[in-house]
Structure formats: C-alpha cells, structure tokens
Amino acid sequence: MTRPTRPAGHDDLPVTIVHACLREGRGGSPTAVVDETPWRRAGRALTDGERRLVPALVGASHAVFLSDDRDPADGRGNRQPVLQVRFFTPETELPACGHGTMAALAFLSARTGDRKYHAELWASGRAIKGRAVRRVSSSIDVTFRAGPVHLRQPTGVELSLLLPALGLTAPATAGACIATLGRPRLVVPVPTERALAALAPAPDQLAAACNRLGLLGCFVHSTVSAAVRTTARMFAPSIGVPEDIANINSCACLAAHLLARHGTTRIAVDMGDALGRPSSVSTAARHNPPSPLVDVIGTARIGRVACLPMSG
C-alpha cells in the first residue's frame, strides 16, 4: 500500500483511497476506506458527523468505515474477528454500498499481502461474503454476493415526479422498475447510448422527488446489446451524489430485473464516462425464490493514503 501523503500525527486519521470498478486498468470510483479499529481501542470513536466529512475532504463520493469487533468464542476457545462496515456519503449513512464493499475487500486483501483473500463483512446486520485475488499488475479482482434484490413496478405518481426531473418521457421508458437493495431506486431504460449520454437531470428537482418518494436515486441504462453489455448512469443528488462514477448495487438491481424480464444471467455495465472516470462492473444472476442471487465482479487498485487532522 502507498505511503500517507504526509506523516501521520497523533490525532491524524489515515484514509486510504481505493479506485473501485476499474475498466481495463483505468478510471474507477475513488472510495475512501478507514480502519477505525485503532481509534476505537484507544477510546476515541468517530462521530457520524466526522464520518460524513471524510469523503468530501479526500475527493470521494463515498467512504467505508471498518471496525474489527470480537465474537466471544468459536467452540475452540478462539476469538474470531467480525469486520463491521458502515458506509457514508457527505450527506448521510447508507445501509449498503457496492463499491464501498469492493473497496473494503481490496483494502483488506492488500493489507494482508496474500494473493488470495476471503472475508465476511457485516453491514446493517447482514453478512457479505467476498473474495479478492491480487494480480501481478497490482490490481485486485474482487467478487462478492450482493444482498437480496426486491423488484416492483413503479407507480404513476413515482414516474410523474421522477421522469421530468430526469428529462425523460413515459413512452421512452417502458420496462422501468423500482429495485431495492439496501434502499429503493428507480431503474429505467433509454433507447440508445446517445440518449443516455445526453441526459442532463435537474438536480434540485430530482433530489426533491427522491426525498418525497423515499428513493436513493435513479439508475438509467441503455438497452442491452446481444453481447449483454450496457452503459448506465446513476443520479443520487438527495444523498449528495449528483452523479455516481460507479454504482455496483444498482448494477445488481439491473441484473435481477433483466433476469426476471428476459432470463439474462450475465451482464457487464460500463459507467463513469460522463465524468471522465471509466468504470465497469460485471454481474452473474440466478433465480433463487423469493429473490434472485446476484454476484458482482470488479477490479480495484489501492491509491494514495491521506492523513486527516481530527480534533481530540
């Protein structure tokens, strides 16, 4: 792992930037990763306000916070680590974050130095099992199972509030759904990549609509090609992310939706081009009533380490 950008002081918080969801070794979503364990053991717990500050201070949209708690016994007298994770944007805490999960697994893998790494993370009371494999190029391939995805049809009220804010019309968006993984979001298609690239949502209007409806945001994707590769953009201004470079959980939602609608089992989703940060996520989905199982696959790279001064 890279060295901090300056020597850490007693009250400095080390923050590792992990570039999640690389596309052919480039781009990816800069995600802040913080191991809170040393601070917690020293009796200095971060506040949620401090956690919300971290992503903005290091130029990331999201931050993931790790803590190594201890489970009493495993039957052999050993104490096993339980890695708790929490996810924050500058505006709020999230119950789930796909690229935060990928960044956490890549960070832990790099710290061990093992070529192959397996871990179980706990987020919002749910276990997330994942694995990471280090490449010779120093990038890290990460796979984990996204949480259960629940699908339903959007209501007329939801579409009447969300589509105008996105700059879309109802006839062009047949096949939309509300998909919930952690939090619900609108998943909506547009006919072409050109139409997707031309989108210019009204952030304030979209944020107000999402807040009113209790939605995370809107995931807009182009139609899937014969090679099951698609492009997408995620807009979530209500949580302080006008547009997300990569959104793994929304890709998992799309995978579940396409499995239910067309029987599609594998897709690759390209994101981030509108922001100059090409990103890519692959998914593998299969039926498993009552909700499908979706594995997500992506590549990450460990970036710089920043040291943030924190008050005692």
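None of these values were measured; they are calculated from a predicted model.

Caption draft 1: View of the pattern of salt bridges. Summed over the entire model, instances satisfying the criterion amount to 13 salt bridges. Across the pair Asp-273 and Arg-23 runs a salt bridge, and its minimum N-O distance is 2.7 Å. Here Asp-273 is found in the loop between β15 (266-271) and β16 (279-286), whereas its partner Arg-23 is found in the loop between β1 (12-20) and β2 (29-35), with 250 residues between them in sequence. On the basis of relative accessibility, which here comes to 46%, the residue Asp-273 falls in the partly exposed class. The shortest N-O distance in the salt bridge between Glu-243 and Arg-233 comes to 2.9 Å. With a gap of 10 residues between them, Glu-243 in strand β14 (residues 241-244) and Arg-233 in strand β13 (residues 229-236) connect regions that are remote in the sequence. In this pair, the class of Glu-243 matches that of Arg-233, namely buried. Each of the salt bridges in this network shares a partner with another, and the network as a whole consists of Glu-36, Asp-48, Arg-51, Arg-86 and Glu-93.

Caption draft 2: Structural context of helix α4 (residues 156-166). Residues of α4 that are buried: Glu-158, Leu-162, Leu-163, Ala-165 and Leu-166. Seen end-on, α4 carries its buried residues on one side only, within an arc spanning 160°. Where α4 is buried, its residues touch β9 (150-152), β10 (177-181), β11 (183-190), α6 (203-213), β12 (218-222) and β13.

Caption draft 3: Spotlight on helix α3 (residues 98-112). For α3, which comprises 15 residues, the first-to-last C-alpha distance of 22 Å matches the rise-based estimate of 21 Å (1.5 Å per residue) to within 8%. Along α3, 13 of the 15 residues are buried, which leaves the element largely enclosed by surrounding structure. Directly beyond the C-terminal end of α3, a positive phi value near 80° is found at Gly-113.

Caption draft 4: Highlighting the pairing of β1. The element β1 is extensively covered by neighbouring structure, given that 8 of its 9 residues are classed as buried. Pairing between β1 and strand β17 (residues 293-309): 8 bridges, direction antiparallel. By the bridge assignment for β17, His-19 is matched with Arg-301. Where β1 lies against β2, 5 bridges are found, and the strand directions are antiparallel. Within β2, the residue paired with Thr-16 across the bridge is Val-33.

Caption draft 5: Representation of the state of the cysteines within the structure. In this structure the tally under the stated criterion is 0 disulfides. Unpaired in terms of disulfides, Cys-177 finds its nearest cysteine sulfur in Cys-253, a separation of 7.5 Å. Taking the relative accessible area as the measure of exposure, Cys-177 reaches 1% and is therefore buried.

Caption draft 6: Molecular detail of unusual backbone geometry. Here the bond from Pro-289 into Pro-290 is cis, since omega is 10°, no more than 30 degrees from zero. Within the fold, Pro-290 resides in the loop between β16 and β17. Its identity is not glycine, yet Cys-21 carries a phi of approximately 70°, on the positive side. With respect to the helices and strands, the residue Cys-21 is situated in the loop between β1 and β2. The exposure class assigned to Cys-21 is buried, which follows from its relative accessible area of 0%. The phi torsion at Glu-24 lies on the positive side, around 55°, for a residue other than glycine. With respect to the element layout, Glu-24 can be found in the loop between β1 and β2.

Each value, and the rule that gives it
Residues numbered from 1 in each chain as written. Predicted model: local features only at pLDDT ≥ 70, side-chain atom pairs only at ≥ 80, totals over all residues. Heavy atoms only, no water. Salt bridge = Lys/Arg side-chain N within 4 Å of Asp/Glu carboxyl O. Helix = DSSP H or I, 4+ residues; strand = E, 2+ residues; numbered from the N terminus. Buried < 20%, exposed > 50% of the residue type's maximum accessible area, 1.4 Å probe, protein only. Arc of directions from axis to C-beta. Contact = heavy atoms within 4.5 Å. Expected span 1.5 Å × (residues − 1). Pairing = 2+ DSSP bridges. Disulfide = S-S within 2.5 Å.

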